Amino acid sequence: PDATYAGGTVANLEVAGTLRLDPATHVEQDLRMQHGSTLALTLGADQTHTPSNIGNTADLRGATLAIHVENENDALLSQPLQLLSAKHVESPFAGITSNLKTLVPTLTYRPDGVFVTFKRNDPTAWVPNRGQKKGGHLPPRGLSGSVEG
């Protein structure tokens, strides 16, 4: 089941379904994402970004981060964005999903929170399981089709 939290302050928050965070969200103590849950974030066109504030621990244990971007050419995406501000981050997200076509999101975990950066897709990148690069070129000798995470 989905849950929408429209901002404001709560003492603790435990999520088993989907949590759609508002930038004004403030959890005084702990945010606990259960295994299989989803933290959904929308980045709008030409707007500023404010991280959601977690007063103590953000436990992301096996949750998925779902990013929806309204405009992939937004200048906001050219810089690292702090998604969550917390005193302590436990257990990284299990994965990321997004609606992005030309950008790839990458997460960075720091003691004070979670950050996302976006970089352009490389059209000549190795395509796993196809045995060739996009554009029909064979990979350099010794390059395998596996992807490290």
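Not measured: the values here are computed from a predicted model.

### Regarding unusual backbone geometry
No. 1: The phi angle at Ser91 is positive, at roughly 50°, despite the residue not being glycine.
No. 2: Mapped onto the secondary structure, Ser91 falls in the loop between strand S12 (88–90) and strand S13 (95–98).

### Some remarks on the pattern of salt bridges
Note that side chains of opposite charge can pair when their charged atoms are close.
No. 1: With the rule as written, the count across this model stands at 4 salt bridges.
No. 2: Linking Glu90 and Arg61 is a salt bridge whose minimum nitrogen-to-oxygen distance equals 3.6 Å. Placement of Glu90 in strand S12 and of Arg61 in the loop between strand S9 (57–59) and strand S10 (64–69) is noted, with a sequence separation of 29 residues between them.
No. 3: A single salt-bridge network, built from bridges that share partners, covers Asp30, Arg32, Asp59, Arg61 and Glu90.

### What to know about the pairing of strand S15 (residues 113–120)
No. 1: Direction of pairing for strand S11 (residues 81–85) relative to S15: antiparallel, over a ladder of 4 bridges. Bridged to Leu81 within S15 is Val116.
No. 2: One ladder, built from 8 bridges, connects strand S14 (residues 103–110) with S15; its direction is antiparallel. Looking at S15, one finds that Leu103 is bridged to Arg120.
No. 3: Between the end of S14 and the start of S15, which pair antiparallel, lie 2 residues.

### Regarding empty space enclosed by the protein
No. 1: On inspection of all chains with the given rule, the structure shows 1 cavity of 30 Å³ or more.
No. 2: Here the largest cavity defines a volume of roughly 60 Å³.
No. 3: Leu21, Leu39, Ala40, Leu41, Ser52, Leu83, Leu84, Phe93 and Val114 are the residues that line the largest cavity.
No. 4: At 3 residues, strand S7 (residues 38–43) tops the list of elements feeding residues into the lining of the largest cavity.
No. 5: Residue composition of the lining of the largest cavity, by class: 8 nonpolar, 1 polar and no charged.

### Topic: the packing of aromatic side chains
No. 1: Summed over all chains, the structure comprises 0 aromatic pairs.
No. 2: The side chain of Arg110 reaches across the aromatic face of Phe115, ending 4.2 Å from its centre.

### Some remarks on the sheet that holds S9
No. 1: An order of S3-S6-S9-S12 is seen for the 4 strands of this open sheet, with the pairing classed as parallel. This sheet does not close on itself; its edge strands, each paired only once, are strand S3 (13–15) and S12. Sheet twist, expressed as the average angle between the axes of neighbouring strands with direction ignored, equals 10°.
No. 2: Sheet analysis places S9 next to S12, joined by 3 bridges and oriented parallel. Residue pairing in the sheet places Ala58 in a bridge with Val89 of S12.

Conventions and cut-offs
Residues numbered from 1 in each chain as written. Predicted model: local features only at pLDDT ≥ 70, side-chain atom pairs only at ≥ 80, totals over all residues. Heavy atoms only, no water. Helix = DSSP H or I, 4+ residues; strand = E, 2+ residues; numbered from the N terminus. Salt bridge = Lys/Arg side-chain N within 4 Å of Asp/Glu carboxyl O. Pairing = 2+ DSSP bridges. 1 Å grid on protein atoms, 1.4 Å probe; cavity = no way out; pocket = protein on both sides within 12 Å on 5 of 7 lines; lining within 4 Å. Points joined across faces, edges and corners; volume = space filled by probe spheres on them. Nonpolar A, V, L, I, M, F, W, Y, C, P; charged D, E, K, R; others polar. Phe/Tyr/Trp six-rings, centres within 6.5 Å; stacked < 30°, edge-to-face > 60°. Lys NZ or Arg CZ within 6 Å of the ring centre and 35° of its normal. Axes fitted to C-alpha atoms, helices over the stretch in contact; angles between N-to-C directions.

Nothing here speaks to function; it is all geometry.
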